[in-house]
Amino acid sequence: PSALAVDPKTGRLFIASLKLGELVVLDDPAAGVREESFRDYAGGLFQDAYSLLHDGDALYVLHRRNLTRILDLNHDGQADRFERVAALPHRTGYSYDWAYGLVRDRAGRFVISFAPHADDRNLPGMGGILRWAPHENGAGFSEIGYGLRNAVGWAAGPNAEIFFSDNQGEWVAANKLCHVVEDRYYGYPNSARPETAKHPRGD
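Report follows, based on the coordinates. Per chain, the residues get numbers from 1 upward, laid out in the order the sequence is written. Reporting of local features is limited, given that this is a predicted model, to residues whose pLDDT is at least 70; pairs of side-chain atoms are given and counted only at 80 or more, and all residues count toward the totals for whole chains, interfaces and linings. With hydrogens and water excluded, all non-hydrogen atoms of the structure serve as input to the side-chain values.

**Concerning the layout of surface pockets**
Our working definition: A cavity here means a set of 1 Å grid points, computed over protein atoms only, where a 1.4 Å probe fits but cannot escape. A pocket is an open set with protein on both sides within 12 Å along at least 5 of 7 lines, and lining residues have an atom within 4 Å of a point. Grid points are joined across faces, edges and corners, and a volume is the space filled by probe spheres set on the points. Only DSSP runs of H or I reaching four residues or more are called helices, and only runs of E reaching two or more are called strands; each is numbered from the N terminus. Put simply, Ala, Val, Leu, Ile, Met, Phe, Trp, Tyr, Cys and Pro go in the nonpolar bin, Asp, Glu, Lys and Arg in the charged bin, and everything else, Gly too, in the polar bin.
Space inside the largest pocket adds up to approximately 300 Å³. Lining the largest pocket are 19 residues, and of these L52, G101, L102, V103 and W154 sit closest to its centre. For the lining of the largest pocket, the secondary-structure elements that each account for two or more residues are β1 (3-6), β5 (49-54), β9 (99-104) and β13 (153-156). A total of five residues in the lining of the largest pocket trace back to one element, the largest contributor, which is β5. Its residues assigned to classes, the lining of the largest pocket comprises 13 nonpolar, five polar and one charged.

Shown next as structure tokens:
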């Protein structure tokens with residue numbers, strides 16, 4: 001599994017597979033092992049997904065190229081509508097053009113991150129934190145944080161404060177948990193964007 005999301009209304013658990021783009025659901029996670037099984041919910045996606053979010057009405061999937069909203073309109077337990085919420089500026093064939101995150105802040109805006117190793121060295125926001133408001137006309141993504149390596153773990157905590165975990169690697173000595181504060185730099189020196197290291201350090 002590469003991503004998990006729980007429907008806050010029903011408790012159903014949604015799971016995305018890493019390589020095949022499959023989306024399955026566990027209808028009753030509290031059931032015993034013998035009584036419950038994984039069920040295909042939405043077939044396959046075009047690309048692998050690293051982030052899922054359910055708001056009680058729809059399942060949001062962050063995958064390469066798209067932020068997608070998936071709905072079950074006839075309430076039969078099977079997805080039947082896929083809506084592109086936002087197009088992402090990623091290439092389709094390069095293995096490091098990943099998007100992570102998919103949490104919402106207290107204003108309902110989506111917060112995501114792009115990996116810093118993108119094939120397109122001019123990809124806006126690569127290695128940064130981006131915010132996007134679905135109801136703001138033409139607003140697009142705005143970059144609110146910098147210096148991330150591969151921040152695959154994201155959560156909204158008390159009062160909708162946002163936290164992420166970044167992965168150990170070059171110049172990131174250990175896996176770490178960080179609190180998102182706007183306009184901060186979180187320690188990964190992206191050689192394609194050296195100017196981002198001039199921002200105040202984040203924790």
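Let us keep going from here.
**Some points on the pairing of strand β11 (residues 129-132)**
Two faces make up the sheet, and in a regular strand the side chains alternate between them. What counts here: Relative accessible area decides the class of each residue, using a 1.4 Å probe on protein chains only: under 20% of the type maximum gives buried, over 50% gives exposed, and in between gives partly exposed. Should DSSP find at least two bridges between two strands, the strands are regarded as paired.
Taking every second residue as pointing to the same face, both faces of β11 are buried, with I129 and R131 on one and L130 and W132 on the other. Of the pairings in the sheet, the one linking strand β10 (residues 110-114) to β11 comprises four bridges and is antiparallel in character. Directly across from S113, in β11, lies its bridge partner I129.

**What to know about the sheet that holds strand β2 (residues 13-16)**
Stated precisely, the cut-off is as follows: Only the contacting stretch of a helix is used when fitting its axis, a line to C-alpha atoms as for every element, and angles between N-to-C directions run 0 to 180 degrees.
Taken in spatial order, the four strands make up an open sheet running β1-β2-β3-β4, and their pairing is antiparallel. Both outer strands of the open sheet, β1 and β4 (39-44), are each paired with one neighbouring strand and no more. The sheet shows a mean angle of 20 degrees between the axes of neighbouring strands, direction not considered. In this structure, strand β3 (residues 22-26) lies alongside β4, joined through three bridges in antiparallel fashion. Note that in β4 the partner of V25 across the bridge is R39.

**Some thoughts on the environment of F14**
How we decide: Residues are treated as being in contact if the distance between any of their heavy atoms lies within 4.5 Å.
Along the chain, F14 falls in strand β2. Its relative accessible area of 1% is what places F14 among the buried residues. Along the primary structure F14 and V25 are separated by 11 residues, whereas in three dimensions their C-alpha atoms are 4.5 Å apart. Each residue touching F14, except ones within four places of it in the same chain, is listed here: A3, L4, A5, D7, V24, V25, Y41, L52, H54 and L59.

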